[in-house]
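# Architecture at a glance
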Amino acid sequence: MTARAVRQDRSTPRAAMARGDKTRDGRGRVRSMPAILHYGFRPFFFLGALHATIALPIWLWMSVSGVVMGGPFQAMAWHAHEMIFGYLGAVIAGFVLTAVPNWTGRLPLSGLPLLGLVSLWLLGRIACAFVPSPEVAMTLDLAFPIVLAASVWREVGAGRNWRNAPVAGMLTLFAVGNLAHHLEGMAILPEGYAIRIALGTVAMLIALIGGRIVPSFTRNWLVKQGGTSLPAHFGILDKAALASTVLAVMGWMFAAGASLSGWLLVTSGTLLAVRVARWQGWQTWREPIVLVLHLGYAWLAVSMLLLGLSTVTDFVPASAALHALTAGAIGTMTLTVMTRASLGHTGREIKADLWTRAIYVAVTVGALLRVAAPFAADTYLTLLMAGGILWAFAFALFAVRYAPILWRHRK
């Protein structure tokens, strides 16, 4: 943390620390709280993994039994809501709450305020599963994304870190998607927009933030290995890829069936594929925790291509394209960030052990099976079940392997 960053932080906790308050340590963590409440990634990564482990098998069971939850959503809508705004919302919160202090130089959300935000997330999950009133469930569920977005806006503004204002803006858009999904369930808005708004926002986050961390981490690893062929620096092609992705995603959000939107998606996927190919991922095959970053970004490129092709041709089922984005790009990238951040921010070596490698294999094979299912009519249900179980198993492995890391103090 630079001296300039410290001067910018005029918060009450920082002032108290300057006066000799010892309730927080040098990293801004509340000493009296258990380790799980020291940093945002700890509770949210753990709970997000647990939620994915439980919610997806419940959906698979619902899909074959016909049983529905007692909340405001029908079965398919509940599945989409909990995968996007439940599991994914938790992972995004864990990442952003941990990254913001590094971006702004301000203290992390820790202790009771963090517990309060976690409680809002849990309240939303309970409301969507068991509260039958759509209005009450919506009110309870929206508290978490609204407070999260407001907190990040506050930190970005207080730290004058306007470079990362787009991240706060995307969190706001994610909250809008959550609201829209509830309104769709009440037949106030037409169906489809909410999910596309939320997933499009996440796709842009992966394109933007993934485009920073993948070449950066790859470069650092290759330099340590003595490599000379390093990832290409950010240039015109990268700007074109990001610009085309923003245009394509906006088109998909609000004009999903339009031919122009389809071709924009194809263009975006092509440029993203060229972009990730320039980052020398093939050289990292000896270290899966680096290699899987490239795999996650490649999934994003594939998903954009498939979404585009599903719009302009009849050869690609829309479900396969959508799950290339969700199970493939989002599933892979979230687990990659979760494993890497959990190790790095707890003082451990950032290296994939056998458990972590198994996590990467399970999520990759699970995603491949789920994307393949719509192409195979005769074995659709078998591939759907196998892919879903393997994908959820990856998160179960994370919860089991990383629980001791997330619940214990930093090394």
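A brief look at the structure comes next. A quick note: this is a predicted structure, and the numbers were derived from the prediction, not measured.

Thresholds applied
Residues numbered from 1 in each chain as written. Predicted model: local features only at pLDDT ≥ 70, side-chain atom pairs only at ≥ 80, totals over all residues. Heavy atoms only, no water. Helix = DSSP H or I, 4+ residues; strand = E, 2+ residues; numbered from the N terminus. Rg over C-alpha atoms; globule rule 2.2 N^0.38 Å. Buried < 20%, exposed > 50% of the residue type's maximum accessible area, 1.4 Å probe, protein only. Contact = heavy atoms within 4.5 Å. Areas by Shrake-Rupley, 256 points an atom, 1.4 Å probe, with all protein chains shown as cover. Lys, Arg positive; Asp, Glu negative; His and termini not counted. Charge placed at Lys NZ, Arg CZ, Asp CG, Glu CD. Axes fitted to C-alpha atoms, helices over the stretch in contact; angles between N-to-C directions. Parallel < 35°, antiparallel > 145°, perpendicular 65-115°, else oblique. Left-handed = near helix turned anticlockwise from the far one by under 90°. Nonpolar A, V, L, I, M, F, W, Y, C, P; charged D, E, K, R; others polar. 1 Å grid on protein atoms, 1.4 Å probe; cavity = no way out; pocket = protein on both sides within 12 Å on 5 of 7 lines; lining within 4 Å. Points joined across faces, edges and corners; volume = space filled by probe spheres on them. Phe/Tyr/Trp six-rings, centres within 6.5 Å; stacked < 30°, edge-to-face > 60°.

With that settled, consider the overall build of the chain. Along the chain, the regular secondary structure elements total 14 helices and zero strands. Listing the helices and strands of the chain from first to last along the sequence gives α-α-α-α-α-α-α-α-α-α-α-α-α-α. Expected size for 411 residues packed as a compact globule is a radius of gyration near 22 Å; at 21 Å, the chain falls within 12% of this value. C-alpha extents for the chain along the principal axes are approximately 65 × 60 × 40 Å. Expressed as a percentage of the 411 residues in the chain, the buried residues total 56%. A sequence separation of at least 24 residues applies to 76% of the contacts in the chain between residues at least 6 apart. A total accessible area of about 17400 Å² is found for the chain, and carbon and sulfur atoms account for 68% of it. In the chain, 33 positive and 15 negative side-chain charges are present, and the distance between their average locations comes to 15 Å.

On to the packing of helix H9 (residues 236-254) against helix H10 (residues 259-277). Running from N to C, H9 and H10 cross one another at 150°; their axes reach a closest spacing of 8 Å. Overall, the two elements H9 and H10 adopt an arrangement that is roughly antiparallel. The hand of the H9/H10 crossing is left-handed. Residue-level inspection shows Leu-237, Asp-238, Ala-240, Ala-241, Leu-242, Ser-244, Thr-245, Leu-247, Ala-248, Gly-251 and Trp-252 of H9 in contact with H10, the latter providing Ser-261, Leu-264, Leu-265, Thr-267, Ser-268, Leu-271, Leu-272, Val-274 and Arg-275. Broken down by class, the residue content of the contact of H9 with H10 amounts to twelve nonpolar, six polar and two charged.

The next subject is the layout of surface pockets. Its boundaries defined by the atoms lining it, the largest pocket holds a volume of some 1000 Å³. Met-76, His-79, Ala-80, Ile-195 and Leu-322 are the residues nearest the centre of the largest pocket, which is lined by 40 residues in total. Elements represented by at least two residues in the lining of the largest pocket include exactly helix H3 (41-65), helix H4 (75-104), helix H7 (165-185), helix H8 (193-224), helix H11 (288-312), helix H12 (318-344), helix H13 (354-372) and helix H14 (380-407). A per-element tally of the lining of the largest pocket places H4 first, with eight residues. Taken together, the residues that form the lining of the largest pocket break down as 23 nonpolar, 13 polar and four charged. Lining the second largest pocket are 28 residues, and of these Ile-213, Phe-217, Arg-340, Ala-341 and Ile-350 sit closest to its centre.

Before going further, it helps to spend a moment on the packing of aromatic side chains. How two aromatic rings sit relative to each other is set out by the distance from centre to centre and by the angle between their planes. Here the structure, examined in full by the defined rule, presents ten aromatic pairs. Relative to Phe-395, the ring of Trp-391 lies with its centre 4.7 Å away and its plane at 45°, an arrangement referred to as tilted. Within this pair, Trp-391 and its partner Phe-395 are both found in helix H14, separated by four residues, close to a single helical turn. Judged by relative accessible area, Trp-391 falls into the buried class, the value being 6%.

Despite not being glycine, Ala-187 has its phi angle at roughly 60°, a positive value. With respect to the secondary-structure elements, Ala-187 resides in the loop between H7 and H8. One non-glycine residue, Gln-280, lies in the positive phi region at around 60°. In this structure Gln-280 comes out as buried when scored by relative accessible area, which is 13%.

The next subject is the side chain of Thr-339. Here Thr-339 shows up in helix H12. Assessed through its relative accessible area of 0%, Thr-339 is described here as buried. Thr-339 has contacts with Ile-289, Thr-356, Tyr-360, Phe-398 and Tyr-402, leaving out every residue within four places of it along the chain.

Right, let's talk about empty space enclosed by the protein for a bit. All chains considered together, the criterion is met by three cavities of 30 Å³ or more. Of the voids in this model, the largest cavity is the one considered here, and its volume is about 280 Å³. For the largest cavity, the lining is made up of 15 residues, of which Phe-95, Leu-205, Ile-206, Thr-334 and Val-337 are closest to its centre. Broken down by element, the residue count for the lining of the largest cavity peaks at six residues, all from H8. Across the lining of the largest cavity, the residue classes tally to 13 nonpolar, two polar and no charged.

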